[in-house]
Amino acid sequence: MFVTPAYAQDAVGAPGGMADVFIQLMPIALLVLIFWLLIFRPQQKRLKAQQAMLSAIRRGDTVVTTGGIVGKVTKAAEGEDLEVEIAQGIKVKVVRGMVADVRTKSEPVNDNKPA
């Protein structure tokens, strides 16, 4: 009277395997796309802009180091080191990667030009 027969579910009417997997992976793929567009892509753009700024440093530019020291570049070779004058007669060597900002861009000084 209170007991009813239980029947097993028929597997024929269930949705297919690949469509079900695709539907389950769709939110993960959407999150990866959002992270790419909102985080990784802008970070790569900033990194490229920073690298371009560092490679364009020339003699006469006013730079700010990551430590907050402001100085004028007196020697900028193609290598890693820059020579920065932080006060009159006081020059320090700075690694090019530790420059946070270039405040004033100037035309390179030509010492070979007659006065």
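As the structure is a computational prediction, the values presented were derived from the model and not from experiment.

Engineer: Report on the overall build of the protein, specifying residues and quantitative values.
Structural biologist: Scanning the protein from terminus to terminus reveals one helix and five strands. Moving toward the C terminus, one meets the helices and strands of the protein in the order α-β-β-β-β-β. Across the 115 residues of the protein, 14% fall into the buried class. Nonlocal contacts in the protein, meaning residues at least 24 apart in sequence, comprise 41% of its contacts between residues at least 6 apart. Accessible area for the protein stands at about 9,600 Å²; split by element, carbon and sulfur atoms hold 63% of it.

Engineer: Any details on the pairing of strand β3 (residues 81–87)? Residues and values, ideally.
Structural biologist: As defined by bridge partners, strand β2 (residues 70–76) adjoins β3 across four bridges and the pair is classed as antiparallel. Residue pairing across strands places V73 opposite V84, the latter belonging to β3. Between β2 and the antiparallel strand that follows it, β3, lie four residues. As paired elements, β3 and strand β4 (residues 90–95) share six bridges and run antiparallel to each other. Looking at β4, one finds that A87 is bridged to I90. Where β3 folds back onto β4 in an antiparallel hairpin, the turn is made up of two residues, including G89, whose phi is positive at roughly 85°.

Engineer: Just give me the short version of the UniProt feature "transmembrane region" (unreviewed entry) in the protein, but keep the residues and values in it.
Structural biologist: Look at the UniProt record and you will see "transmembrane region" (unreviewed entry) annotated at residues 21–40. Measuring from the first to the last C-alpha atom of residues 21–40 gives 27 Å, for a span that is 100% helix and 0% strand.

Engineer: Describe in detail the nonpolar core, supporting the description with residues and values.
Structural biologist: Counting residues in hydrophobic clusters, the biggest one holds ten residues: M53, L54, I57, V63, V73, L82, V84, V94, V99 and V102. Sequence-distant contacts of M53, that is, excluding residues within four places in its chain, are made with V99, A100, D101 and V102.

Engineer: If you had to explain helix α1 (residues 17–55) to someone new, which residues and values would you point to?
Structural biologist: Structurally, the α-helix is built with 3.6 residues per turn, so residues lying three or four positions apart point the same way. Over its 39 residues, α1 extends 54 Å from the first C-alpha to the last, a length consistent with the 57 Å expected when each residue adds 1.5 Å. The sharpest bend along α1 reaches about 40° and sits at W36.

Conventions we followed
Residues numbered from 1 in each chain as written. Predicted model: local features only at pLDDT ≥ 70, side-chain atom pairs only at ≥ 80, totals over all residues. Heavy atoms only, no water. Helix = DSSP H or I, 4+ residues; strand = E, 2+ residues; numbered from the N terminus. Buried < 20%, exposed > 50% of the residue type's maximum accessible area, 1.4 Å probe, protein only. Contact = heavy atoms within 4.5 Å. Areas by Shrake-Rupley, 256 points an atom, 1.4 Å probe, with all protein chains shown as cover. Pairing = 2+ DSSP bridges. UniProt positions renumbered as here; feature names shortened; annotations may be inferred. Core = buried A, V, L, I, M, F, W, Y, C linked by side-chain atoms within 4.5 Å. Expected span 1.5 Å × (residues − 1). Bend = angle between axes of the 7 residues up to and from the residue.

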